Amino acid sequence: KQEVTQIPAALSVPEGENLVLNCSFTDSAIYNLQWFRQDPGKGLTSLLLIQSSQREQTSGRLNASLDKSSGRSTLYIAASQPGDSATYLCAVRIFGNEKLTFGTGTRLTIIP
Amino acid sequence: SQTIHQWPATLVQPVGSPLSLECTVEGTSNPNLYWYRQAAGRGLQLLFYSVGIGQISSEVPQNLSASRPQDRQFILSSKKLLLSDSGFYLCAWTLAGANVLTFGAGSRLTVL
């Protein structure tokens with residue numbers, strides 16, 4: 001059974017700093033990994049999708065990496081802004097399965 | 001472009017009352033459809049998913065049920081709500097394969 005872990009559960013950093021969010025998964029036979037953002041009381045917004053054959057994906061100030069052999073993915077946020085404050089979740093899909101397994105998320109607070 | 005609609009946005013129901021949450025997707029055909037629940041302070045729990053009309057897979061035994069009467073319509077129901085059914089319910093869709101999972105805005109259910 002795939003298990004996805006995100007540590008820490010909460011993180012506070014001053015505005016302008018670069019930061020890294022972590023995601024670990026137990027079954028390395030993944031099809032893809034997706035990072036989401038969730039604002040309080042809202043649905044999830046997809047940020048980046050990494051296919052199993054890829055090592056990283058970039059969108060603006062966001063960069064997501066994938067290391068299947070170690071069962072890890074990181075989301076790098078450059079030059080953080082208060083608007084980046086949200087909960088960030090990663091989700092993994094394994095081969096032959098249409099389901100995604102989610103981590104419990106990291107609640108990020110950017111301090112102005 | 002594809003859009004996903006979910007309603008109602010908020011719902012307050014007494015224990016023992018029925019429930020119906022509806023989700024529709026526009027702009028695509030034969031999507032995979034998902035119902036997730038997010039309880040306070042917890043991660044996303046997959047409740048049901050469907051890869052086609054009339055095809056429903058249940059992930060967690062409970063007093064909830066799902067139906068897919070049309071290709072792009074997914075309904076979450078209960079005959080008698082429990083206090084533990086309170087939470088944030090999210091509908092999502094994707095196309096089979098390595099595609100982005102897109103979420104609706106969510107429905108917040110409070111059972112009193």
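Look above for the structure.
First things first, this report covers the structure right here in the doc. Source: prediction; values computed, not measured.

**Structural notes on the overall build of chain B**
Here is step 1: Check the secondary structure of chain B and you find zero helices and eleven strands.
Here is step 2: Each helix and strand of chain B, ordered N terminal to C terminal, gives the series β-β-β-β-β-β-β-β-β-β-β.
Here is step 3: Relative to the globule expectation of 13 Å for 112 residues, the C-alpha radius of gyration of chain B, 13 Å, shows essentially globular dimensions.
Here is step 4: Accessible surface computed for chain B: about 5200 Å², of which carbon and sulfur atoms make up 54%.
Here is step 5: If you average the places of the 7 positive and of the 5 negative side-chain charges in chain B, the two averages end up 8 Å apart.

**Here we look at the nonpolar core**
Here is step 1: Ranked by size, the top nonpolar core spans 22 residues in total, and within it Leu 33, Trp 35 and Leu 75 of chain A carry the most contacts.
Here is step 2: Going through the elements one at a time, strand 3 (19-25), strand 4 (30-38), strand 5 (44-51), strand 7 (62-67), strand 8 (72-77), strand 9 (86-94) and strand 11 (106-111) of chain A are the ones with two or more residues in this core.
Here is step 3: Counting 20 residues, the second-largest nonpolar core is a separate cluster that includes Leu 11, Trp 93, Leu 109 and Val 111 of chain B.

**Structural notes on the state of the cysteines**
Here is step 1: Across all of its chains, the model carries two disulfides over all chains by this definition.
Here is step 2: Residue Cys 23 of chain A pairs covalently with Cys 90 of chain A via a disulfide, S to S 2.0 Å. With the S-S dihedral at roughly 80 degrees, the linkage between Cys 23 of chain A and Cys 90 of chain A falls on the right-handed side. Pair noted here: Cys 23 of chain A is in strand 3 and Cys 90 of chain A is in strand 9, with a separation of 67 residues, a long-range link. Comparing Cys 23 of chain A with Cys 90 of chain A shows no difference in burial state: the two are buried.
Here is step 3: One disulfide bridge connects Cys 23 of chain B with Cys 91 of chain B, the sulfur atoms lying 2.0 Å from each other.

Conventions used here
- Residues numbered from 1 in each chain as written.
- Chains lettered and ligands numbered in written order.
- Predicted model: local features only at pLDDT ≥ 70, side-chain atom pairs only at ≥ 80, totals over all residues.
- Heavy atoms only, no water.
- Helix = DSSP H or I, 4+ residues; strand = E, 2+ residues; numbered from the N terminus.
- Rg over C-alpha atoms; globule rule 2.2 N^0.38 Å.
- Areas by Shrake-Rupley, 256 points an atom, 1.4 Å probe, with all protein chains shown as cover.
- Lys, Arg positive; Asp, Glu negative; His and termini not counted.
- Charge placed at Lys NZ, Arg CZ, Asp CG, Glu CD.
- Core = buried A, V, L, I, M, F, W, Y, C linked by side-chain atoms within 4.5 Å.
- Buried < 20%, exposed > 50% of the residue type's maximum accessible area, 1.4 Å probe, protein only.
- Disulfide = S-S within 2.5 Å.

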